[in-house]
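A look at the structure
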Amino acid sequence: MAEFTRGWARREFIIGALACSACGPQADGAGGKIVAGLSVPLKEASTLPIGTAITAADLADAQLVRLIKENFSQLTPASEMKMGVVINDQGKLNFGAAERLASFASDNDMRLHGHTLVWYRVEPSFFLGLADDPKKFRAEYLRYIDKFLRRFKGRVSGWDVVNEPISADGTGLRDSVWSRTLGKERYIALAFKQAAASDPNAVAFINEYGLEARPAKRLAYMRLIERLLKKDVPIGGVGTQTHISVDLPERAVADTLRDLASFGLPVHVSELDITLGRGAAATAGKLKLQARRARQVVEAYMQLPSKQRYAITLWGVRDRDSWLRMPPYDPDSDRPLAFDDKGQPKPMLSALAAALKGAS
Ligand code: G3I
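Residues numbered from 1 in each chain as written. Predicted model: local features only at pLDDT ≥ 70, side-chain atom pairs only at ≥ 80, totals over all residues. Heavy atoms only, no water.

With respect to the overall build of the chain
Cut-off, in case you're wondering: Segments assigned H or I by DSSP are reported as helices when at least four residues long, segments assigned E as strands when at least two residues long, and all are numbered from the N terminus. Relative accessibility under 20% of the residue-type maximum defines a buried residue, over 50% an exposed one, and the middle range a partly exposed one, all with a 1.4 Å probe and only protein chains included. Only heavy atoms enter the contact rule, under which two residues are in contact if any of them lie within 4.5 Å.
Along the backbone of the chain there are 13 helices and nine strands. Considering the chain as a whole, with its 360 residues, one finds that 57% of them fall into the buried category. Taking contacts inside the chain between residues at least 6 apart in sequence as the whole, the part at least 24 apart equals 78%.

Considerations on helix H10 (residues 215-230)
Selection criterion: Multiplying one less than the number of residues by 1.5 Å gives the expected span of a helix.
Taking 1.5 Å as the rise per residue, H10 with 16 residues should run 22 Å; its terminal C-alpha atoms sit 22 Å apart, in good agreement. Of all the 16 residues making up H10, twelve are buried; the element is thus mostly covered by neighbouring parts of the structure. What H10 keeps buried is the set Pro215, Lys217, Arg218, Leu219, Ala220, Tyr221, Met222, Leu224, Ile225, Glu226, Leu228 and Leu229. Residue aspartate 232 follows H10 closely and has a positive phi angle near 65 degrees.

With respect to the site of the ligand
Rules: Being near a molecule or strand, for a residue, comes down to having at least one heavy atom within 4 Å of it. Side-chain atoms alone can form a polar contact between residues adjacent in sequence; in general such a contact is a pair of N or O atoms within 3.5 Å, and within protein one must be able to donate a hydrogen while the other accepts it. Note on areas: Shrake-Rupley with a 1.4 Å probe; residue coverage comes only from the protein chains shown. Grid spacing is 1 Å over the protein atoms alone, the probe is 1.4 Å, and a cavity is where that probe fits but cannot get out, while a pocket is an open set with protein on both sides within 12 Å along at least five of seven lines and lining residues have an atom within 4 Å of a point. Pocket occupancy is defined atom-wise: a molecule lies in a cavity or pocket when more than half of its atoms are within 2 Å of its grid points. Throughout this entry, Asp, Glu, Lys and Arg are counted as charged residues, while Ala, Val, Leu, Ile, Met, Phe, Trp, Tyr, Cys and Pro are counted as nonpolar. The remaining residues, Gly among them, count as polar.
In the vicinity of the ligand lie 14 residues, with Lys82, His115, Gln241, Glu271 and Trp315 positioned nearest. Here histidine 115 contributes a side-chain N or O atom positioned 2.6 Å from an oxygen atom of the ligand. Here a nitrogen atom of the ligand sits 2.7 Å away from a polar atom, N or O, in the side chain of glutamate 271. Taken by itself the ligand offers 790 Å² of open surface, and the protein chains cover 52% of this. In this structure the site holding the ligand corresponds to the largest pocket. Of the residues that constitute the shell around the ligand, the class distribution is four nonpolar, six polar and four charged.

Brief notes about empty space enclosed by the protein
Any space left empty among the atoms is revealed by the rolling of a water-sized probe across them. We count it as follows: Grid points are joined across faces, edges and corners, and a volume is the space filled by probe spheres set on the points.
With the rule as written, the count across this model stands at one cavity of 30 Å³ or more. For the largest cavity, the calculated volume is near 50 Å³. Lining the largest cavity are Leu42, Ile50, Val298, Ile312, Leu314, Leu352 and Leu356. Looking at the lining of the largest cavity, the elements with two or more residues in it are strand S9 (309-314) and helix H13 (347-359). Here the lining of the largest cavity is composed, by residue class, of seven nonpolar, no polar and no charged.

Some points on the pattern of salt bridges
Stated precisely, the cut-off is as follows: Salt bridge criterion: a side-chain nitrogen from Lys or Arg within 4 Å of a carboxyl oxygen from Asp or Glu.
Across all of its chains, the model carries 22 salt bridges by this definition. Glutamate 123 is the partner of arginine 180 in a salt bridge, and the nearest nitrogen-oxygen pair spans 3.9 Å. Taken together, the residues span a long stretch of sequence, with arginine 180 in helix H8 (residues 177-182) and glutamate 123 in the loop between strand S3 (111-119) and helix H6 (125-128) at a distance of 57 residues. Overlapping salt bridges bring together Arg218, Arg251, Asp255, Arg258 and Asp259 as one network.

Observations concerning the pairing of S3
Applied cut-off: Whether two strands pair comes down to DSSP finding at least two bridges between them.
A large share of S3 lies buried, amounting to eight of its nine residues. The pairing of strand S2 (residues 74-77) with S3 spans two bridges and is classified as parallel. Within S3, the position partnered with glutamine 74 by the bridge is arginine 111. For S3 and strand S4 (residues 158-163), the ladder comprises five bridges, and the chain directions are parallel. Across the sheet, residue histidine 113 finds its bridge partner in S4, namely glycine 158.

A short note on the layout of surface pockets
By volume, the largest pocket amounts to about 1,100 Å³. If you trace the largest pocket, you find 45 residues lining it, with His243, Trp315, Trp323, Leu324 and Tyr329 closest to the centre. Within the residue set of the lining of the largest pocket, elements represented by two or more residues are strand S1 (50-54), S3, strand S7 (243-245) and strand S8 (267-275). Of the residues assigned to the lining of the largest pocket, the class counts are 18 nonpolar, 13 polar and 14 charged.

Notes on the nonpolar core
Counted only if it meets this: Here the nonpolar core consists of buried residues drawn from Ala, Val, Leu, Ile, Met, Phe, Trp, Tyr and Cys, with membership extended through side-chain atoms lying within 4.5 Å.
If you look at the biggest cluster of nonpolar residues, it comprises 108 residues, and the most contacted ones within it are Tyr141, Tyr144, Phe148, Trp159 and Tyr301. In terms of residue count, helix H7 (residues 134-152) provides more of this core than any other element does, eight residues in total. With residues up to four places along the chain from it excluded, the contact list for tryptophan 159 reads Met81, His113, Gly114, His115, Leu117, Phe148, Leu149, Phe152, Ala202, Val203, Ala204 and Phe205.

As structure tokens, this is what we get:
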């Protein structure tokens, strides 16, 4: 904690500066040129854990399994560790799908990142049914976290303990059954304290999106983390999902990573994808810009102190596997990932590999 307090003055400066920049447009930096790509598989380009999202259904897709085994050293279940999949209406826990992905990770010497224990978007009926009995609700909330973490203890390197706590517009905190029943920030503190007690060796992350494009949201996120850390809430790591666009201002990712790293905690680029824009054609120019953004993410991340580099996780493998190709998004258009619909490498993959190799 001493280490953390040392950062106070610097962080106050950052938060102050961010408060100003949140009011106006971000300056564009000088764009770099695309470095000629390398064909090495991602995970061989660096010792940094390189992750991808995976679903149980993916295990039946031979090409996808091959690409995952060749390129990635860490896995995040896209759905199988979420409350909606794990707990039933009677409060019974079923870890079957999570165990299948945990076995795949272990069989292939990959780290497993747990995603996510508490999320405003998942409010199982079991908990909704307890909302009028806060005491019982709290007991079951803590029991859920405790049982989950004890079951996977030693098999999960880090957990997204609380996901997306900031309101979409960045002006405050999310409203959910968790915040309404346990308290606006208390549900977050309770979750982290239980996680630390149940698996003290797993890095306990808070995780958020939209921090690069919205300085106001990044500011709100940093202020929340600061308030919680001041109350000795055991947040162990800071996640930035990094769902970004090719049109993001050049410095936005580097500024975000610098700001989030000011807490002195591990930082996880937890869900990287780079949309070309809704309905945008995958022109050579767009794909080249996507590759440049990918290189910039890696170069900025590798500037962090090594003890703060947890992992870079891509949110999927092939474009067609992306959430951005699911309803309500366009099922045919977006190209946000490193491999195309046929599983062929894109300039983004080469740029990621070259930047990782260059930084190693
Ligand atoms: O597995 C079932 C399948 O059996 C069924 O036939 C099918 C049709 O109903 O649904 C399948 O489950 C879907 C699951 O993705 C597959 O992995 C769920 O309906 C669908 O809701 C789920 O969407 C996931 C979404 O989070 C909601 O949980 C996406 O895959 C996943 O990429 C997305 O990831 C989120 C992160 O957790 C948080 N950050 C934002 C990110 C994108 O929304």
